[in-house]
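# Architecture at a glance
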Amino acid sequence: MKDISRLLASVSRPARYLGREINSIHRDPKHAEVHLALAFPDLYEVGMSHLGLRILYALANSLPGIYAERVFAPAADLEQLLKEQQIPLFSLESRTPLNCFDLVGFTLQYELSYTAILFMLDRGGIPLHSSNRGNDDPFVLGGGPLAYNPEPLTPFFDFFVIGDGEEVLPEILQTYRSWKKKGLRMRESFLREVALIPGIYVPSLYRDHYEDGKFAAIEPLAKEASLPVHKRAVTDLEQSVFPECFVVPYMEVVHDRAVLELFRGCSQGCRFCQAGYVYRPVRERSAEKLREQAGRIIANTGFTELSLASLSSSDYSAIGELITSLKEDFANKHVSLSLPSLRADAYAVQQAGRLQQGRATGVTIAPEAGTQRLRDVINKKVTEEDVLEAAAVALQEGHNHVKLYFMLGLPTETMEDLAGLVELVGKISLLGRKRGKGHKKGSPLINVSVSTFIPKAHTPFQWESLLEQKEIMHRQDYLLRELRKLKGVAFARHNASMSLLEAILARGDRRLAAVIEQAYNLGSRLDAWNENYSFSRWEEALATAGMTAQLYTSRPLYYSDPLPWDHISTGITKEFLIKEHRRALELSITPDCRAACAGCGIGCKVGITPQSASQKAGYRFP
Amino acid sequence: MHRYRIIFVKEGDFACLSHLDLQRTFIRVLRRAGMPLAYSQGFNPQPRLSFAAPLAVGITGDREYLEIDFFRQLDSEKIKADLNSILPAELAVRMAQEIDPKGPVLASLVKAAFYVAIFSPPVPELIPLVKNLYGSSVLEVERKGKKINKRVDIKAFIYNLYLQNAPEEDKLFMFLATGNLGGTRPAEVISLLPIKSEPEKVRRLGIFISGNNGDEFITPEGETLSTFSNGLNLNIQDSAIRTQTPTAY
Ligand code: SF4
């Protein structure tokens, strides 16, 4: 402990490691029957902004006999000190070394944090490979959106949770507790037991097969290993646990505010969006419930900002009513409300505007693609008129920063689509300059953010390729050149090799684990943080393993090809994804599934698609 | 409107909280405690909090001062109890008292602060080094500017240095100018000493404002500098570096 205090004095931003925040939970770990570490493979300020972690922290600590603590990735300076002084990575609350926990659960949020997992295990004194862990080592589990393609991480994890963690975690903890009580110390006996819980994937009970260097199949090796592993999902979000006592960070974190979760899932069906597919179906909380939660969260935390979060918040079925009641509740209470995820229509901008009450500073509009044709391909159901109207409303409201989100390298994209993008930005900048004349705020700054499309598992675009690096640069150059000609428009290119890495890992198979480990050994850490990032390490690691990036990013895939994530079921059928992919190429729009069920396989009952809070009974997994 | 002065500590690991973090934390804690915060007028209303003197990161504080405006009168003891039920023990409130809302805030009055740096194990030859320092006519340190660093002579800001040495540790007491007329911090003073070791701990013991007759320093509670330093077993009146055998304080 004293060592750690001394370390705090010599690192930058020590508040990251301080713990003891308001509402953090401090108990004596000795009295816990099950001691769980909730690990987030990124810096404190990123992890503390993550809602899932907060939900699990509240849930686990509400269960009798369970003590859950948080662990984040140390920044480079602390890592160095831990290594030199041989101090194991410790939890935030009781400063317990990571290897002294019963269970260590990682949130898998972003591909570029994979090496951070290895480095947290390593610094935490836990053998990297599950096969090397002994009876005294913790079990390492992973969950979150990336658990839907867990293969690249399989050797490092004892098991994965597929689906909503709050649904499965109590069962895992219960199973662990009774296994521990039985006094059986064999790791495998626990793994076989936990494998029986629906939604749990124990990779050591499966073997992978390859043919001609290509992934061929995953074979279960034990009777406990189900095939496929079905995701678990909260059926009734209304009754499901939500943290009302958010831990209040001392330092400023990325999202330094209280959060309401209006609903889970998304009904838009944008074909590139993994979250939109894996989090199906839509499940809402009622406006009354949200209103109560909002009041309690603000009272319990003292936060001055409350964000109404969801994948597409303005789709919430009672958004108008909710905003009205929250505005009423928080009038004169100095709480600012925000609607973070914006679509591209005027309605969404208006709703956001109602929340900001004249404090218009910036707005984000996401047309995603520059032409109607390409928006049809990706199923982004907005027209150019919608986008321009949204921009006009935003400008009218006095926003001085307009952020426009696009993607580059979408399937079927041509230079014409990029020209369309430039044209659309041009029209918006014109609107801005028109307003600028005579408006007290002058012309707005238009920020164009163009990320690179990455084909993701479990989406209709999972068979698509990542654009070649050269071509990405070429198209970025074009945008840079053309957008520069527009007044008041800023554009910064995204790091193309970072997209490449993300694409490799997003559709990887088990063989990539060796590459991740090698990249880690070569010094790769928090790759998401630009300053530390170097693709050359990954190139070297791929070469050592005798593999190429192209194998994962641009090898032509056929519908009949076995995919390394086929054994993980989101509930959506492959037939549906194929149909959606074909519709994309035919420029056919698939309607929002709140309006009409597209028959994805999830099985929302007809007539009550998907579930809104007032229609609870509707949805069960097959 | 009602103004309260809160005296709190900043101890242990919480020395690493930056002033900004501390400000944000107090605002949230006050809101969470349901205190009737008065807000500033205007476009972006902010609660009216005033810290007497920001404490540099790494330094603990024995007596830190925060003044807050409430729109309603509260019981001082209750303020203290309510805040302490939320704050970690390392940021405990020692006292809350109502003060005149029309008077100047401490931040505008603060003139000096008393610090002690503890070197453990003791630094060989620290006494002559400190004496040497006090004898120099110019004491320049480098300060980070926005674009360029500039050199500043802090000699005038060092009112007193006082050393207690003992077999197991050296205590370097520093009475330094602080506040809006300029000042210096312990780190700058220590950086002037040609030593490698870092102090194990630096504490701020108290802050001082001008006394009524203008030439004497007093604590915000009205304690004179001499009483204060007598309490530490230091005789600071004669502005010289003194060494003495340690006494517990
Ligand atoms: S079953 Fe129908 S309504 Fe439910 S998520 Fe799938 S497409 Fe949407």
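Residues numbered from 1 in each chain as written. Chains lettered and ligands numbered in written order. Predicted model: local features only at pLDDT ≥ 70, side-chain atom pairs only at ≥ 80, totals over all residues. Heavy atoms only, no water.

For the rest of this paragraph, the subject is the nonpolar core. Within the largest apolar cluster, 172 residues are counted, with the highest numbers of intra-cluster contacts made by F106, F159, I172, L306 and L308 of chain A. Each residue touching L306 of chain A, except ones within four places of it in the same chain, is listed here: A258, V259, L260, A294, I298, F330, V335, S336, L337 and S338 of chain A. Among the nonpolar cores identified, the runner-up in size contains 37 residues, and A52, L55, I59 and A177 of chain B belong to it. (Core = buried A, V, L, I, M, F, W, Y, C linked by side-chain atoms within 4.5 Å. Buried < 20%, exposed > 50% of the residue type's maximum accessible area, 1.4 Å probe, protein only. Contact = heavy atoms within 4.5 Å.)

Around the ligand, the structure places 10 residues, and the nearest of them are C593, C597, A598, C600 and C604 of chain A. Here the shell around the ligand is composed, by residue class, of 6 nonpolar, 3 polar and 1 charged. (Near = heavy atom within 4 Å. Nonpolar A, V, L, I, M, F, W, Y, C, P; charged D, E, K, R; others polar.)

On to the interface of chain A and chain B. With 30 residues of chain A at the interface, the matching set in chain B holds 19 residues. Taking both partners together, chain A and chain B bury about 2000 Å²; carbon and sulfur atoms supply 53% of that area. At the boundary of chain A with chain B, the tally comes to 5 salt bridges. The partner of D256 of chain A in a salt bridge is R28 of chain B, and the shortest N-O contact between them spans 3.1 Å. Viewed at the interface, chain B and chain A are joined by 12 residue pairs in polar contact (both at pLDDT 80 or more). Listed by contribution, the elements that provide at least two residues to the side of chain A that touches chain B are α1 (2–9), α2 (15–18) and α10 (287–301) of chain A. Among the residues forming the side of chain A that touches chain B, the class breakdown is 13 nonpolar, 9 polar and 8 charged. (Buried area = accessible area lost by both parts, 1.4 Å probe. Salt bridge = Lys/Arg side-chain N within 4 Å of Asp/Glu carboxyl O. Polar contact = N/O pair within 3.5 Å; in protein donor to acceptor, adjacent residues only side chain to side chain. Helix = DSSP H or I, 4+ residues; strand = E, 2+ residues; numbered from the N terminus.)

Moving on, we get to the pattern of salt bridges. Scanning all chains against the criterion turns up 60 salt bridges over all chains. Several salt bridges share partner residues, and in doing so they unite D164, E166, E261, R264, R283 and R285 of chain A into one network.

Residues and elements named next belong to chain A. In the structure shown here, the tally under the stated rule is 6 cavities of 30 Å³ or more. Volume-wise, the largest cavity comes out at about 130 Å³. What lines the largest cavity is simply F215, R507, D509, R511, L551, Y552, R555, L557, P562, L563, P564 and W565. For the lining of the largest cavity, the per-class residue count stands at 8 nonpolar, no polar and 4 charged. Of the pockets and cavities examined, the second largest cavity occupies roughly 80 Å³. In terms of lining residues, the second largest cavity is bounded by 13 residues, among which Y17, F72, L89, F90 and L92 are the most central. Ranked by residue count, the leading element in the lining of the second largest cavity is strand β2 (residues 66–72), at 3 residues. (1 Å grid on protein atoms, 1.4 Å probe; cavity = no way out; pocket = protein on both sides within 12 Å on 5 of 7 lines; lining within 4 Å. Points joined across faces, edges and corners; volume = space filled by probe spheres on them.)

So, about the sheet that holds strand β6 (residues 200–201) of chain A. Residues and elements named next belong to chain A. With mixed pairing, 6 strands are arranged side by side in an open sheet as β2-β1-β3-β4-β5-β6. Two strands close off the open sheet at either side, each with one partner strand: β2 and β6. Most of the contacts of helix α4 (residues 51–62) go to β2, to which it runs at about 155°, and overall it touches β1 (34–40), β2 and β3 (103–107). (Pairing = 2+ DSSP bridges. Axes fitted to C-alpha atoms, helices over the stretch in contact; angles between N-to-C directions.)

On to the packing of aromatic side chains, then. If you walk through the whole model with that rule in mind, you get 32 aromatic pairs over all chains. On the numbers, 6.1 Å between centres and 25° between planes, the contact of F160 of chain A with Y201 of chain A is stacked. Of this pair, F160 of chain A sits in strand β5 (residues 159–161) while Y201 of chain A sits in strand β6, placing them 41 residues apart in sequence. A relative accessible area of 0% places Y201 of chain A in the buried class. One aromatic cluster is present, built from ring pairs that chain together F114, Y159, F173, F175, F208, F217 and F228 of chain B. For the cation-ring pair, R187 of chain A lies above F139 of chain A, with the distance from its terminal atom to the ring centre recorded as 4.2 Å. The ring of F263 of chain A has R594 of chain A lying over it, and the distance from NZ or CZ to the ring centre is 4.9 Å. (Phe/Tyr/Trp six-rings, centres within 6.5 Å; stacked < 30°, edge-to-face > 60°. Lys NZ or Arg CZ within 6 Å of the ring centre and 35° of its normal.)

A few words on the side chain of E64 of chain B. All names here are of chain B. Locating E64 in the fold gives a position in strand β3 (residues 59–70). Here the side chain of E64 touches R204 through a polar contact of 2.7 Å, side chain to side chain. In this view, E64 contacts I6, I7, F8, A53, L55 and R204; residues no more than four positions away in its chain are not counted.

Residue and element names in this part refer to chain B. When cut into domains, chain B gives domain 1 (2–107) and domain 2 (110–240). Here the C-alpha centroids of domain 1 and domain 2 sit 26 Å apart. Contact with domain 1, which involves 17 residues of that partner, is made by 13 residues of domain 2. Of the roughly 1300 Å² buried between domain 1 and domain 2, counting both surfaces, carbon and sulfur atoms make up 51%. Per-residue buried area on domain 1 facing domain 2 is highest for I59, D62 and L106; these three make up 34% of the total on that side. Connecting domain 1 to domain 2 are 3 salt bridges. (Domains from an automatic or database assignment.)

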